[in-house]
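For reference, the chains in residue letters:
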Amino acid sequence: MSVVLQSNSGWVLDSQSLIDRGYTRCITWTGHQKPHVKCNFKRQCFHILKSHYNMSGRVDGGHTVMAQKTEKSAKVDCLSCSIILEGTKALVDSAQSLGYLSGETETSQDPLPSQDCRLAALCEIAKELPLVADEEQEWTQSLLTEEGGASHVDLFSQVTENSQAWAAVVPLIGEEYIIPPNTAFLLSDFTRIQPLVQCGRRFDVIVIDPPWENKSVKRSRRYSSLPSSQLKRLPVPLLGSPGCLVVTWVTNRPSHLRFVRDELYPHWGVEVVAEWFWVKVTTSGEFVFPLDSPHKKPYEVLVLGRPLQTANVPVEDKRLIVSVPSALHSQKPSLSEVLKLYVGAEAKCLELFARSLQPGWTSWGNEVLKFQQIIALPRGRNIW
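No experiment lies behind these values; they were computed from the predicted model shown. (Residues numbered from 1 in each chain as written. Predicted model: local features only at pLDDT ≥ 70, side-chain atom pairs only at ≥ 80, totals over all residues. Heavy atoms only, no water.)

A. Main features of helix α7 (residues 254–268). Here α7 is 15 residues long and its end C-alpha atoms lie 21 Å apart, about the 21 Å a rise of 1.5 Å per residue gives. A bend of about 40 degrees at Val260 is the largest found in α7. Tucked into the core, α7 has its buried residues touching β10 (203–208), α6 (236–239), β11 (240–250), β12 (270–280) and β13 (299–307). Just downstream of α7, Gly269 is the residue with a positive phi angle, here 75 degrees. (Helix = DSSP H or I, 4+ residues; strand = E, 2+ residues; numbered from the N terminus. Expected span 1.5 Å × (residues − 1). Bend = angle between axes of the 7 residues up to and from the residue. Contact = heavy atoms within 4.5 Å.)

If you want it as C-alpha cells, here you go:
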C-alpha cells in the first residue's frame, strides 16, 4: 500500500512501496531469452528505527537547543511548527491504528550501498563531444530494439524511452540498471538539456529537486551543488503545458525559500499557490530530528505554483506528507500518487535534477540513474 492513508491534514506514504510498485513485472535479457526477475529496493534503506533525540524532544544532554531568531521569523516558525506538530500527530495516530508506523524490530546486518556515483563525471566527459545541430536530428530513442533486446543508446544527447508496460534490467555504461515501464530519461547537465526541450513534450507537472548549496553538501562532497541564480536557466516555461503544476523541493534555509517565492517563480511567470511539508519520521512515528532544532529539521518544504491567470483544480495549502525517509542521501519520496489528485491520473509528469526514475514519468539530471543501479542477490535482484 503506497498511500497508507489520506486526511484533511495530508498523507502518510510508504516510500518503499511507491518505488517497488513499478517493478511488479520485470524482465532481463539474456541472449534472445527474457526471463522474469524479482526486483525491489533494499529494505534496510528505510529502516530508520531511532530518532536523533529522546521522547521529551531534548538533545545535547537534556538541554533544548534553540536558535536566535528575529521576532518575525520566530512567529513564522511557530506557526509552521504548530501545523507540523498537530498534523503529524493526527496522521501518525491514524496510521498506527492501521498497524503502520508501529515500530519495526527487524534489522539487517547488510551494509547500506555505497553512494559513490560516476554519472556526473561521465556527463562532464560527454560535454566534450560536439552538439548536433541537424534539423533532422532525432531527439528521442528507444531503450529496447524491436526484437526486445537492449539497444545501443546515446544517453547524453537523446531522450531514452522504455515504452513497454514492464520494467527492464539492461546493461548501460558498464553497469546493470532497472528501467521502469513507460519511462523516459535524459542523462545530462544544463549544457545538454536541449534534447528535452526539442523532443516536443509539454508536461502537466514539473517537480524540481535542486542541488541547493549548503555547508553539509560542501563537506560531504556527495554531489555538486548549484548557485540559486543558475536555476533561472531552467527552461520551465518551454517545458510546461498551460496550467502546469510546478513543485520545487526547498531546504530549510530561509534564503532558499525566499528565492523560490520572490525570484524564481516570478521569473518563470509562476505564482505560488501552496506550501507543503514533507515530514520525516521513524518507523515508530517519531520525528527524526527535533522540531525546534536550529540545524537539521525533521521536514522539508515543497513550494507549489502555477502559471499566472490559469484556472485549475485548487491546491490546498499547508498539507503534510509523512513518511519514513531513506537512509540514502537526498532520496525524496515519490509525489505521483499525491499530485494526481490535482492534475489527473493521465497527466504528463517531469522531474528535473532527478536521481531516480518513476513509471510513467520523464526524468532529467546528471545523476538520473543513480538509484536505478542493480545489486545481484541470491534470491533475485535489489535496486541499490
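The rest of the description comes next.
B. Layout of the packing of aromatic side chains. On inspection of all chains with the given rule, the structure shows nine aromatic pairs. Taking the centre distance of 5.6 Å and the plane angle of 80 degrees together, the rings of Trp249 and Trp278 count as edge-to-face. In this pair, Trp249 sits in strand β11 while Trp278 sits in strand β12, placing the two residues 29 residues apart along the sequence. Per residue, the accessibility class of Trp249 equals that of Trp278, and both read buried. Three or more aromatic residues joined by ring pairs form one cluster here, namely Trp11, Trp276 and Tyr342. The positively charged end of Arg233 is found above the aromatic ring belonging to Phe190, 4.7 Å away from the centroid. (Phe/Tyr/Trp six-rings, centres within 6.5 Å; stacked < 30°, edge-to-face > 60°. Buried < 20%, exposed > 50% of the residue type's maximum accessible area, 1.4 Å probe, protein only. Lys NZ or Arg CZ within 6 Å of the ring centre and 35° of its normal.)

C. Seen up close, the state of the cysteines. In the structure shown here, the tally under the stated rule is zero disulfides. Of all cysteine sulfurs in the structure, the one in Cys39 sits closest to Cys26, which takes part in no disulfide; the separation is 3.6 Å. In this structure Cys244 is not part of a disulfide, and its nearest cysteine sulfur, from Cys349, lies 9.1 Å away. (Disulfide = S-S within 2.5 Å.)

D. Local environment of the pattern of salt bridges. Overall, the coordinates contain 13 salt bridges when judged by the stated rule. Of the charged contacts in the structure, one is a salt bridge between Lys89 and Asp93, with a shortest N-O distance of 2.8 Å. Placement of the pair is Lys89 and Asp93 together in helix α2 (residues 71–97), with a separation of four residues, close to one helical turn. Classification of Lys89 by relative accessible area gives exposed; the value is 55%. A relative accessible area of 37% means that Asp93 is categorised as partly exposed. A salt bridge links Lys280 to Glu300, with the shortest nitrogen-to-oxygen separation between them at 2.8 Å. One end of the pair, Lys280, is in strand β12; the other, Glu300, is in strand β13, and 20 residues separate them in sequence. One exposure class covers both Lys280 and Glu300, and it is buried. (Salt bridge = Lys/Arg side-chain N within 4 Å of Asp/Glu carboxyl O.)

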